[in-house]
Amino acid sequence: MQSLDILEFPDPRLRKVATPVENVTSEISEFADKLLYTMYQAIGIGLAATQVNFHKRIIAIDVSETKDNPLILINPVIVDSSGELETNEGCLSIPGFYEPVRRFEEISFKALDKMGKEYEIHTKGILAICVQHEIDHLEGKLFVDYVSSAKRQLIRKKLKKAKQNMA
Ligand code: ZN
């Protein structure tokens, strides 16, 4: 399988709002497999379709240490939330940067799996944070939106420099 290209901040395509999946077709489940594969290759714990320039509401997640507990979320919706928690977040679209972000500590969410079957999970900690971070991507939102604009500009500048050094 081939990895999909991951868009990097400040690519404007990361700002597109994803539309719901109407039918979980075989194309959609194949895409979900590719998204998951790309996430594992990039050593991430979550990847949203938006990050690979596919603007449908699809997310791949695996927060397990052993990387054998994949989760596909199609049309995810948070149905309940409580508490607050601040952790340092990173993002495959903003490589090398980690910033504190405040999120709900506990959530319940509903989604379809890659076969189109609905499920609901109640969770807290890392999975709850990851789901909120990835749903943000589907809304065109990035974790750097939660930091000061001065810091966001600095990250933008440093990423640009890193890219120039690579070229
Ligand atoms: Zn991210």
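Here's what I pulled together on the structure shown here. (Residues numbered from 1 in each chain as written. Predicted model: local features only at pLDDT ≥ 70, side-chain atom pairs only at ≥ 80, totals over all residues. Heavy atoms only, no water.)

1. Examining the sheet that holds strand 3 (residues 71-82)
Inclusion rule: Between any two strands, at least two bridges found by DSSP are needed for them to pair. Secondary structure elements follow DSSP: runs of H or I no shorter than four residues count as helices, runs of E no shorter than two count as strands, and numbering proceeds from the N terminus. Between N-to-C directions, angles span 0 to 180 degrees; the directions come from axes that are lines fitted to C-alpha atoms, helices contributing only their stretch in contact. In what follows, a contact means two residues having at least one pair of non-hydrogen atoms within 4.5 Å.
Judged by pairing direction, the sheet is antiparallel, and its 5 strands sit side by side in the order 1-2-3-6-7 without closing on themselves. Strand pairing shows two members of the sheet lacking a second neighbour, strand 1 (46-48) and strand 7 (118-124), which therefore form its edges. Taken over all neighbouring pairs, the strand axes of this sheet differ in orientation by 40 degrees on average, direction set aside. Alignment of strand 1 against strand 2 (residues 58-61), held across 3 bridges, turns out to be antiparallel. Counterpart to Gly46 in the pairing with strand 2 is Ile61. Of the strands in this sheet, strand 1, strand 2 and strand 3 touch helix 1 (residues 26-41), which is tilted by about 40 degrees from strand 2. Strands strand 1, strand 2, strand 3, strand 6 (106-112) and strand 7 of the sheet are contacted by helix 2 (residues 126-138), whose axis makes an angle of about 150 degrees with strand 2.

2. A few points about the coordination of the zinc ion
Heads up, the condition is: Only nitrogen, oxygen and sulfur atoms qualify as donors, provided they sit within 2.8 Å of the metal or within 3.2 Å for Na, K and Ca; with water excluded from the atoms, sites may seem incomplete. Remark: exposure states derive from per-residue accessible area (1.4 Å probe, protein chains only) relative to the maximum for the residue type, with buried under 20%, exposed over 50%, and partly exposed in between.
Looking at the zinc ion, the protein donor atoms are Cys91 (SG), His133 (NE2) and His137 (NE2), and they sit 2.0 to 2.3 Å from it. Site description for the zinc ion: donor spacing in sequence, C-x41-H-x3-H. Highlighted residues: Cys91 in the loop between strand 4 (85-89) and strand 5 (99-103) and His133 in helix 2, separated in sequence by 42 residues. Judged on exposure class, the residue Cys91 and its partner His133 are both buried.

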